[in-house]
Amino acid sequence: MPKIIACLLTLMLLSACGTAPVEDATETNSEPTTESVAISSEETTVVEEKAEPDTDWIGAGTYLVGKDIEPGLYKVEVTDTIMNMGYVERAKGVSMDFDDILANIVLTGDGYVEIKDTDMAVKFQGVRAKPINLAEIEPNIKEVLEDGIHLVGYDIIPGIYQVEVTDTTMNMGYVERTKNVAMDFSDIIANEVFQGPGYVEVKESDFAIRVQGAVLRLQ
């Protein structure tokens, strides 16, 4: 089945002072007076509470499963602000041979990936990842979904969605229904490349929906 990777390039690019009038010293013989100013010894201390950094996030790099990183479901956020893309790879070795790659994906939006206990290593580029437990996640259902991987029942509900192509480079959008997020080709239930407006039905039995170069709107 066809796949499309939409690559979007992004270029990233008083105080005032015054002068008080000076009194002529020859016009007065009066002794100078001293005006006392009371200064409070009490000082107000403002303490700003800083949020503790979330150390659960894992940044770019290659990690050994079971040693550096545990298998399981991960929330993935794209951190690359130049290409606005990220890369995740599951591998059975770290020899850098192409045959080591078990599964991989290019993300053009935030999403999810599953690391299996049979994997030897996982590679992150342009993303950061955080382990999650679905039983502890509060659903955040959206009726409009952009690029990324969205979990059914947590980010998106089953239903009919209108597809609008937003990619202006290839003028194509991609929508994929999956039964898992391990990035295996066998995880794909159905997919389609859109060259214009269309519709897709998200089913209750779907685990996730992947969107690239398009926007989905619940009908």
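Note that the structure is predicted; figures quoted are calculated from it, not measured. (Residues numbered from 1 in each chain as written. Predicted model: local features only at pLDDT ≥ 70, side-chain atom pairs only at ≥ 80, totals over all residues. Heavy atoms only, no water.)

### Some thoughts on the pattern of salt bridges
- Inspection of every chain in the model, using the stated rule, returns eight salt bridges.
- The partner of D68 in a salt bridge is K67, and the shortest N-O contact between them spans 3.7 Å.
- Judged by relative accessible area, which is 41%, D68 ranks as partly exposed.
- A salt bridge links E77 to R128; its shortest N-O distance comes to 3.1 Å. In this pair, E77 sits in strand β2 (residues 72–78) while R128 sits in strand β7 (residues 127–131), placing the two residues 51 residues apart along the sequence.
- Look at the salt bridges and you will find they share partners, linking R90, K116, D119 and D184 into a network. (Salt bridge = Lys/Arg side-chain N within 4 Å of Asp/Glu carboxyl O. Buried < 20%, exposed > 50% of the residue type's maximum accessible area, 1.4 Å probe, protein only. Helix = DSSP H or I, 4+ residues; strand = E, 2+ residues; numbered from the N terminus.)

### Examining the sheet that holds β2
- Taken together, the three strands give an open sheet; going across it, the order is β5-β2-β7, and neighbouring strands pair in antiparallel fashion. Only two strands of the sheet have a single neighbouring strand rather than two, namely β5 (111–115) and β7. Shown here is a sheet whose adjacent strand axes are inclined to one another by a mean of 35°, direction ignored.
- As judged from the five bridges shared by β2 and β5, these two strands associate in the antiparallel manner. By the bridge assignment, Y74 is partnered in β5 with V113. (Pairing = 2+ DSSP bridges. Axes fitted to C-alpha atoms, helices over the stretch in contact; angles between N-to-C directions.)

### A closer look at the packing of aromatic side chains
- Going through the model one piece at a time under the given rule, you end up with one aromatic pair.
- Ring centres of Y63 and F124 lie 6.1 Å apart, and the angle between their planes is 50°; this geometry places the pair in the tilted category. Linking Y63 in strand β1 (residues 61–64) with F124 in strand β6 (residues 121–125), this pair joins segments that are 61 residues apart in sequence. Across the pair, F124 and Y63 agree in class, each one buried. (Phe/Tyr/Trp six-rings, centres within 6.5 Å; stacked < 30°, edge-to-face > 60°.)

### With respect to the nonpolar core
- I69, V88 and F124 are the most contacted members of the largest nonpolar core, which has 23 residues in total.
- Contributing elements (two or more residues each) for this core: β2, β4 (101–107), β5, β6, β7 and β9 (148–151).
- Look past the residues within four positions of V88 in its chain and what remains in contact with it is V76, A103, N104, I105, L107, V113, V122, K123, F124, V127 and M183.
- Grouped together as the second largest cluster of nonpolar side chains are 13 residues, L145, Y161, I209 and V211 included. (Core = buried A, V, L, I, M, F, W, Y, C linked by side-chain atoms within 4.5 Å. Contact = heavy atoms within 4.5 Å.)

### A few points about unusual backbone geometry
- A positive phi is found at N84, a non-glycine position, where the angle reads about 55°.
- Mapped onto the elements, N84 comes out in the loop between β2 and β3 (86–91).
- Judged by relative accessible area, N84 falls into the partly exposed class, the value being 28%.
- Unusually for a residue other than glycine, N171 sits at a positive phi of about 55°.
- Residue class for N171 comes out partly exposed when judged on its relative accessible area of 48%.

### Quick look at the side chain of N191
- Position of N191 relative to the elements: it lies in strand β12 (residues 188–194).
- The exposure class of N191 is buried, given its relative accessible area of 15%.
- There is a polar contact of 2.8 Å between the side chain of N191 and the side chain of Y174. (Polar contact = N/O pair within 3.5 Å; in protein donor to acceptor, adjacent residues only side chain to side chain.)

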